[in-house]
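Each chain, letter by letter, is given below.
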Amino acid sequence: MNEKFIQLSRELKHRPILEKALGHFPNLPLIAIDCGCGAGNESAYLLSKGFNVHAFDISIDAQKVCAERFKDDSKFTFYHESFEDFNFPSASLIIASSSLFFCEPSYFYSVIKRIINALPDGGILVVDLLGTQDEWVIREPKKFIGFTYQDIGDLFLCDFNLLFHKEIDEKLPLLSGYIKSWHLHILILQKK
């Protein structure tokens, strides 16, 4: 992730899916993890709602932007780490929007287990997964994992109730302007 991307994304608002997720939020401690936080847009929204936020990103540019953006906020903690290395603390809300699909495939399922273990009963997971027809999955199948709806059920529905699922299969621009063929599953899950 480069500095230009981080600066462009900093101007964006938090994703609306986060507001939808908070509509389901139970009476649990206001502790969240923002996975692959980038410029910290979701973190900023959660902080405004009273959450303590643990955020991580492998990008040095994300670290610089977040250090400046949240320098006076004691409820924000940044970790310069990847999914593969991050030690998930207990949290009531975990967000992995447009980030979990960058996890090294050989670590993916162990990361999912760590996410499940970090959430209490009733905890919320907001996650995006690539579908089988996504351009990146087709072009680089050893780097990206594609999921069907059945795969998602197999992966999550023993431990979670599915609160929301939206499937996107269309061409949309990246921040760079490149038009990409997206096949994406956007999920809100609540731990049983």
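Everything discussed here concerns the structure shown above.
Cut-offs applied
Sequence order as written defines the numbering, with residues in each chain counted from 1. Only residues with pLDDT of at least 70 get local features here, since the model is predicted, and only at 80 or more are side-chain atom pairs given and counted; chain-wide, interface and lining totals rely on the full set of residues. Side-chain descriptors were evaluated using all non-hydrogen atoms of the structure, hydrogens and water having been removed beforehand. At least two DSSP bridges between two strands are required for those strands to pair. The way it works is that DSSP assigns letters per residue, a run of H or I at least four long becomes a helix, a run of E at least two long becomes a strand, and they are numbered from the N terminus. Note on geometry: axes are lines fitted to C-alpha atoms, helical ones only across the stretch in contact, with angles between N-to-C directions running from 0 to 180 degrees. Contact between two residues is taken to exist if any of their heavy atoms lie within 4.5 Å; hydrogens are not considered. Side-chain rings of Phe, Tyr and Trp, where Trp is taken by its six-membered ring, are said to pair if the distance between their centres is within 6.5 Å; with planes under 30 degrees apart they count as stacked, over 60 as edge-to-face, and otherwise as tilted. Each residue gets one of three labels from its accessible area relative to the maximum for its type: buried under 20%, exposed over 50%, partly exposed in between, using a 1.4 Å probe on protein chains only. Two thresholds decide whether a charge sits over a ring: the Lys NZ or Arg CZ must be within 6 Å of the ring centre and within 35 degrees of the ring normal.

Another point: the sheet that holds strand β3 (residues 76-79). Note on sheets: strands pair through backbone hydrogen bonds, and any given pair is parallel or antiparallel. One open sheet holds the seven strands; their spatial order is β3-β2-β1-β4-β5-β7-β6, and the pairing between them is mixed. In this open sheet, the two edge strands, each paired with only one partner strand, are β3 and β6 (160-173). When the angles between neighbouring strand axes are averaged without regard to direction, this sheet yields 15 degrees. Sheet analysis places strand β1 (residues 31-35) next to strand β4 (residues 93-96), joined by three bridges and oriented parallel. Within β4, the position partnered with D34 by the bridge is I95. This element, helix α3 (residues 41-48), spans β1, β2 (52-56), β3 and β4 of the sheet and lies at about 170 degrees to β2.

To continue, consider the packing of aromatic side chains. One pass over the structure, following the stated rule, counts 17 aromatic pairs. A centroid spacing of 4.9 Å and a plane angle of 85 degrees characterise the contact between F86 and F88, whose relative ring orientation is edge-to-face. Its relative accessible area of 10% is what places F88 among the buried residues. Aromatic pair F108 and F147: ring centres 5.4 Å apart, planes at 40 degrees, arrangement tilted. With F108 in helix α5 (residues 108-118) and F147 in the loop between α6 (135-139) and α7 (149-156), the pair connects residues that are 39 residues apart, well separated along the chain. Residue class for F147 comes out buried when judged on its relative accessible area of 3%. Linked through ring pairs, F56, Y79, F83, F86 and F88 together constitute an aromatic cluster. Residue placement shows K180 over the ring face of W136; its charged tip is 4.3 Å from the ring centre.

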